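Next come the chains, spelled out residue by residue.
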Amino acid sequence: METPSLTRRDVLKISAAGTAAMALPLQGVLQAATASQLPASKMPVPYTAAFKAPPVLEPLHKDDVRSNIYGYVPSDYVPEAGNAHYPGEAIRGSEYLGTDYYRITEGNVQVQLIPGMWTKMWGYNRSVPGPTIRTYLQADPNNPGKKISRRTVMQVLNELPARHPTLGYVPWTSMHLHGSPSKPQYDGYAGDLTNPGQWKAYQYPNNCTPRTLWYHDHGVHHTAENVYMGLAAQYHLVDEELEKALGIPRWDRDKAAAGKPQYEFPLILSDAMFTSTGQLLFDDSSQSGVYGDVIMVNGVPWPNMKVEPRKYRFRVLNGSLARGYKLRMSNGMPFKVIATDGGFMQTAQEVTTFTIGMAERYEIILDFKDLKGAKVQLLNDGVANAKDFDHTGKVMQFEVGKGVTSFDGNLSPTQLGPAHPVMGLKAADRSAIRTMKLHRSNSMWQINDMTWDDVVESEYEYTFANPAKDAIEIWDVKNESGGWFHPLHIHLIDFKVLTRNGQPPRPEEKGPKDVVYVGENETVRLLMRFEHEEGRYMIHCHNLSHEDHDMMFQYQVGHHDIDCDSIKAEPAKALPAPELTPVLPAGVSPTPPVAEAPAAPSAEPTETAGPTETTGPTATSAPTGTSAPTATSAPTATSAPTATSAPAATTSAAGLTP
Ligand SMILES: [Cu+2]
């Protein structure tokens, strides 16, 4: 196995940081029983800490304004000759039924992970992992039989310190909602930075199949450190009607309000190592990856979870930086895998073990009904090239009680569905077959001999591929590095794993995916359709140390312009952040335009006038009846905010205006 030598950036980091363990040699880690510097008496003892689930975050505000607007062309945009875009132009996308407004603050938090010690971390809203966001698909009042989503507006405030306390870098951030077909300017592009003291409002369409998503930091060169510090959380897009029809265990809003037991939980796996004072130790073994000796679930070391003797559903996310897991139950009981990254499988797969690479999500059902009074453990058999320590083979314990509070949602059907559209694609319909090589050359992680630095130096022009919108393609991903596995993530789209080394995919991979585990010297063949949006999206290894240095590339769907520019379309602004309010800027109608695309205006709107719509819809096309916003929550029927409800300048307070 090749051991990577230090790169120039490594040397700079070590000398600048001057902190513990940055230069710990890889061999030392490989042979150690522990990686932490904690005295043995202080190490957490597996299965002693109580399981906890992250809190569910409620929106600050909601509105019921049906629209398809996702921001505006910046007011300082200077159109080039022949360009149809203009300052203040509304940027449109998938239609939504209303909007939920959230505020996420990135900041310091102290967490008790080691008994008797406080670990300094960074949290979303002071929570590690961050709070779970849940958004619900609804019946579309205008299209019987169809579902429609609500838009999420997530205002992210970077209140992190000016420098990382031990590593010394500036903690810029970029929020990525992993699993969401977001527009490029809201996709957490690595170079779209929100520095400490800045904020940005992200907009998410939620217009895909119901699934487990997760939001985490994606800032260039420091994603690994930022996620390690705590910047990660789950996000659920839920079709409650479908869940009820399937009869599967589900998180129940009404029961939550009443404080009753739930039967669906996130399981966010991560690992860490600690200094003698209980602080996080960051050692990426010369950019191989960070392998901690303490396994955590939802931020708790090896928790013990009390469960009832019935079925539970878990949304398992590998949130580790570099550790893959091969999971099994101590008693050999099966996992019923019902969903993959992109949502429900058509046919659930029963397995007694499954591998989960970084960023992959699998929804599983476990049935404890025959285990009254027993204790069973979730164990990790490990994967090649993840460093194992004394207790990394353990994950968590389930302590089964004797009584069942409710048998609601206690089914585990094999036929789920409907099938995700990508699973119905035919390989013969592809318009291109491309090959992507993952390799290490000249001490650099590369994709097809390119690094993200090369992309940056090209002023973000280099692309791996430029498929037309809705094109279908096959991508062969080859791992040419023998000593590492690379979970490859393609932003924007879901794909179907056609083959793994020419053979059928693993049973648990037979559903829609957006990350694929590419093992040592393996080749996987993927089939995908480039739907939803146009613009430039990242492709990268989800070993976050590999991603940061510099195993990341990009591709472009259709066109690239100011309406979908990853960096320029919606730049971060200086704090303080205004409170997002559910009102629209003066002069903008929430309803979709009648015409496909608005023509360029004869005169540019001035900056003070705010965004205008020369070809906007008329009052007759405004929402009516059921979809009309209510008086208390939003603008009235014609939707044009009145002077009292929406003063011109401060309406941009919504943060949704140029
Ligand atoms: Cu990798």
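Predicted model, so just to flag it, every value in this text is computed and none were measured. (Residues numbered from 1 in each chain as written. Predicted model: local features only at pLDDT ≥ 70, side-chain atom pairs only at ≥ 80, totals over all residues. Heavy atoms only, no water.)

*Asks:* Would you take a moment to explain the overall build of the chain for this structure?
*Replies:* When helices and strands are tallied, the chain shows eight helices and 36 strands. Each of the 658 residues in the chain was classed as buried or not, and the buried ones make up 61%. By element, 53% of the accessible surface of the chain is carried by carbon and sulfur atoms, the whole surface being about 23,600 Å². (Helix = DSSP H or I, 4+ residues; strand = E, 2+ residues; numbered from the N terminus. Buried < 20%, exposed > 50% of the residue type's maximum accessible area, 1.4 Å probe, protein only. Areas by Shrake-Rupley, 256 points an atom, 1.4 Å probe, with all protein chains shown as cover.)

*Asks:* Looking at this structure, I do not really get the packing of aromatic side chains. What am I missing?
*Replies:* Geometry of an aromatic ring pair is reported as the spacing of the ring centres plus the angle between the planes. Applying the stated criterion across every chain yields a total of 25 aromatic pairs. Judged by centre distance (5.6 Å) and plane angle (70°), the ring pair of Tyr-189 and Trp-452 falls under edge-to-face. Here Tyr-189, found in the loop between strand 11 (175-178) and strand 12 (198-204), pairs with Trp-452, found in helix 6 (residues 452-457); they are 263 residues apart in sequence, far enough to count as distant. Trp-452 shares its class with Tyr-189; the two are buried. Measuring from ring centre to ring centre gives 4.7 Å for Phe-485 and Tyr-517, while their planes differ by 5°; the resulting arrangement is stacked. Of this pair, Phe-485 sits in the loop between strand 29 (472-479) and strand 30 (486-490) while Tyr-517 sits in strand 32 (residues 515-518), and the two are 32 residues apart along the sequence. (Phe/Tyr/Trp six-rings, centres within 6.5 Å; stacked < 30°, edge-to-face > 60°.)

*Asks:* Explanation requested: the coordination of the copper ion in the structure shown.
*Replies:* Ideal geometry at a metal centre gives angles of 109.5 degrees when four donors are arranged tetrahedrally and 90 or 180 degrees when six donors are arranged octahedrally. The copper ion binds to the protein through His-486 (ND1), Cys-541 (SG) and His-546 (ND1); the donor distances cover 2.0 to 2.1 Å. Ordering the donors of the copper ion by residue number gives the pattern H-x54-C-x4-H. Residue His-486 is found in strand 30, and its partner His-546 is found in helix 7 (residues 544-548); the two are separated by 60 residues along the sequence. A relative accessible area of 0% places His-486 in the buried class. Residue His-546 is classed as buried on the basis of its relative accessible area of 0%. (Donors = N, O, S within 2.8 Å, 3.2 Å for Na, K, Ca; no water.)

*Asks:* Before we go on, may I ask you to explain the nonpolar core in this structure?
*Replies:* Burial of nonpolar side chains together is a common tendency in soluble globular proteins. If you look at the biggest cluster of nonpolar residues, it comprises 104 residues, and the most contacted ones within it are Tyr-215, Phe-314, Leu-327, Phe-368 and Phe-398. Once you skip the residues sitting within four places of it in the chain, Phe-314 turns out to touch Phe-265, Leu-267, Met-305, Tyr-362, Glu-363, Ile-364, Leu-366, Phe-368 and Phe-398. Formed by 36 residues, the second largest nonpolar core is a distinct cluster that contains Tyr-189, Met-436, Val-455 and Phe-464. (Core = buried A, V, L, I, M, F, W, Y, C linked by side-chain atoms within 4.5 Å. Contact = heavy atoms within 4.5 Å.)

*Asks:* What should I look at first to understand the sheet that holds strand 33 (residues 523-529) in this one?
*Replies:* Strand pairing in a sheet relies on backbone hydrogen bonds, with the paired strands running either antiparallel or parallel. Within the open sheet, the five strands sit side by side as 28-27-29-33-31. Their pairing is mixed. Strands with a single pairing partner mark the edges of an open sheet, and in this sheet they are strand 28 (444-447) and strand 31 (495-500). Strand-to-strand twist in this sheet, taken as the mean axis angle between neighbours without regard to direction, amounts to 20°. In the sheet, strand 27 (residues 432-441) pairs with strand 28 via four bridges, with the strands oriented antiparallel. Looking at strand 28, one finds that His-439 is bridged to Gln-446. (Pairing = 2+ DSSP bridges. Axes fitted to C-alpha atoms, helices over the stretch in contact; angles between N-to-C directions.)

*Asks:* I'm lost on the environment of Glu-243 in this one. Help?
*Replies:* On the secondary structure map, Glu-243 appears in helix 4 (residues 240-246). Given a relative accessible area of 2%, Glu-243 falls into the buried group. When the C-alpha positions of Glu-243 and Leu-416 are compared, they lie 9.8 Å apart, and in sequence the two are 173 residues distant. Discounting residues that sit within four places of it in the chain, Glu-243 has contacts with Val-238, Ile-248, Arg-250, Glu-264, Arg-313, Arg-315 and Phe-344.

*Asks:* Sorry, what's going on with the sheet that holds strand 20 (residues 325-329) here?
*Replies:* One open sheet accounts for five strands, arranged 18-26-25-20-23; its pairing is mixed. The open sheet has two edge strands with one neighbour each: strand 18 (304-307) and strand 23 (353-356). Sheet twist, expressed as the average angle between the axes of neighbouring strands with direction ignored, equals 25°. Of the pairings in the sheet, the one linking strand 20 to strand 23 comprises four bridges and is antiparallel in character. When the bridges of strand 23 are listed, Tyr-325 appears paired with Ile-356.

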